[in-house]
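The primary structure of each chain is shown beneath.
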Amino acid sequence: METHYVKSLLAVLSLIALPVMAAEPTLYGRYEYIALPEIGGKVLKAKMDTGALTASLSAKDIETFKRDGEDWVRFRLGTKDAGNQVYEHKIARISKIKSRSEEEEDDSEVVAPTKRPVVDLELCLGNVKRTVEVNLTDRSSFNYPLLIGAKALREFGAAVNPARRFTADKPDC
């Protein structure tokens, strides 16, 4: 009789714990491959950066314009093999980015924050596709043309193990 009670109790407890276990984040490496379905299906190496708030995509020839009274942006992908394809997206918002030097305690130099257009882009990580906010900036001096920040990581339900690299399968969304 007591064994039946214990088994029943364990069964109920496991059902209660199931939603908590389902909410566990997926663990990714510090670097992953991410596909951009709206940018010609390009697959880029991305840095998963929990210290950055927003995602950033390397772009060049960034030009804002109006279309039907709304703000849009025109740009080319800022990667070595990008070619000359021009992309146009509706602007979700304009972000103001502080440079690292502005975070220092020395107030002697006041520098205005950089303004960057932010677009909503579909990103594919492994077999998961999410629409996330991505700011556009020239990242050509960085090793990785795409930076995935904390907000995008939350959208993917992701956690990052900095000791690992490329843990997800190649994007397949």
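Residues numbered from 1 in each chain as written. Predicted model: local features only at pLDDT ≥ 70, side-chain atom pairs only at ≥ 80, totals over all residues. Heavy atoms only, no water.

A closer look at the overall build of the protein
Okay, step 1: Counting its secondary structure elements, the protein contains two helices and ten strands.
Okay, step 2: Its helices and strands in sequence order give the protein the pattern α-β-β-β-β-β-β-β-β-β-α-β, from N to C terminus.
Okay, step 3: For the protein, the proportion of its 173 residues judged to be buried stands at 35%.
Okay, step 4: A sequence separation of at least 24 residues applies to 59% of the contacts in the protein between residues at least 6 apart.
Okay, step 5: With the model as given, the accessible surface of the protein reaches about 11,200 Å², and the carbon-plus-sulfur share is 50%. (Helix = DSSP H or I, 4+ residues; strand = E, 2+ residues; numbered from the N terminus. Buried < 20%, exposed > 50% of the residue type's maximum accessible area, 1.4 Å probe, protein only. Contact = heavy atoms within 4.5 Å. Areas by Shrake-Rupley, 256 points an atom, 1.4 Å probe, with all protein chains shown as cover.)

What about the nonpolar core?
Okay, step 1: One finds Ile34, Leu57, Phe75, Leu123, Leu146 and Ile148 to be the most contacted residues of the largest nonpolar core, which totals 31 residues.
Okay, step 2: Contacts of Leu146, omitting those with residues within four sequence positions, involve Ile34, Leu36, Leu44, Lys45, Ala46, Lys47, Ser56, Leu57 and Arg139. (Core = buried A, V, L, I, M, F, W, Y, C linked by side-chain atoms within 4.5 Å.)

Considering the pattern of salt bridges
Okay, step 1: Enumeration over the complete set of coordinates arrives at nine salt bridges.
Okay, step 2: For Arg67, the salt bridge is made with Glu88, and the minimal N-O distance between the two is 2.4 Å. One end of the pair, Arg67, is in strand β4 (residues 55-67); the other, Glu88, is in strand β6 (residues 86-97), and 21 residues separate them in sequence.
Okay, step 3: Under the relative-accessibility criterion, Glu88 is labelled partly exposed at 32%.
Okay, step 4: The partner of Glu133 in a salt bridge is Lys151, with the nearest N and O atoms 3.4 Å apart. Of the two residues, Glu133 sits in strand β8 (residues 128-137) while Lys151 sits in helix α2 (residues 150-155), which places them 18 residues apart along the sequence. (Salt bridge = Lys/Arg side-chain N within 4 Å of Asp/Glu carboxyl O.)

Quick word on the state of the cysteines
Okay, step 1: Applying the stated rule across the entire model yields one disulfide.
Okay, step 2: The disulfide bridge from Cys124 ends at Cys173, spanning 1.9 Å between sulfur atoms. The S-S bond linking Cys124 to Cys173 shows a torsion near 85°; that makes this disulfide right-handed. One end of the pair, Cys124, is in strand β7 (residues 114-125); the other, Cys173, is in the segment after β10 (158-161), with 49 residues separating them in the sequence. (Disulfide = S-S within 2.5 Å.)

Describing the side chain of Ser95
Okay, step 1: Within the secondary structure layout, Ser95 lies in strand β6.
Okay, step 2: Contacts of Ser95, omitting those with residues within four sequence positions, involve Thr114, Lys115, Arg116, Val118 and Asn135.

Overview of the confidence of the model for the protein
Okay, step 1: Looking at the protein as a whole, the pLDDT averages 85, with 80% of positions reaching at least 70.
Okay, step 2: Within the protein, no element has a lower average pLDDT than helix α1 (residues 2-22), which sits at 49, and none a higher one than strand β9 (residues 146-148), at 97. (pLDDT = per-residue confidence, 0-100.)

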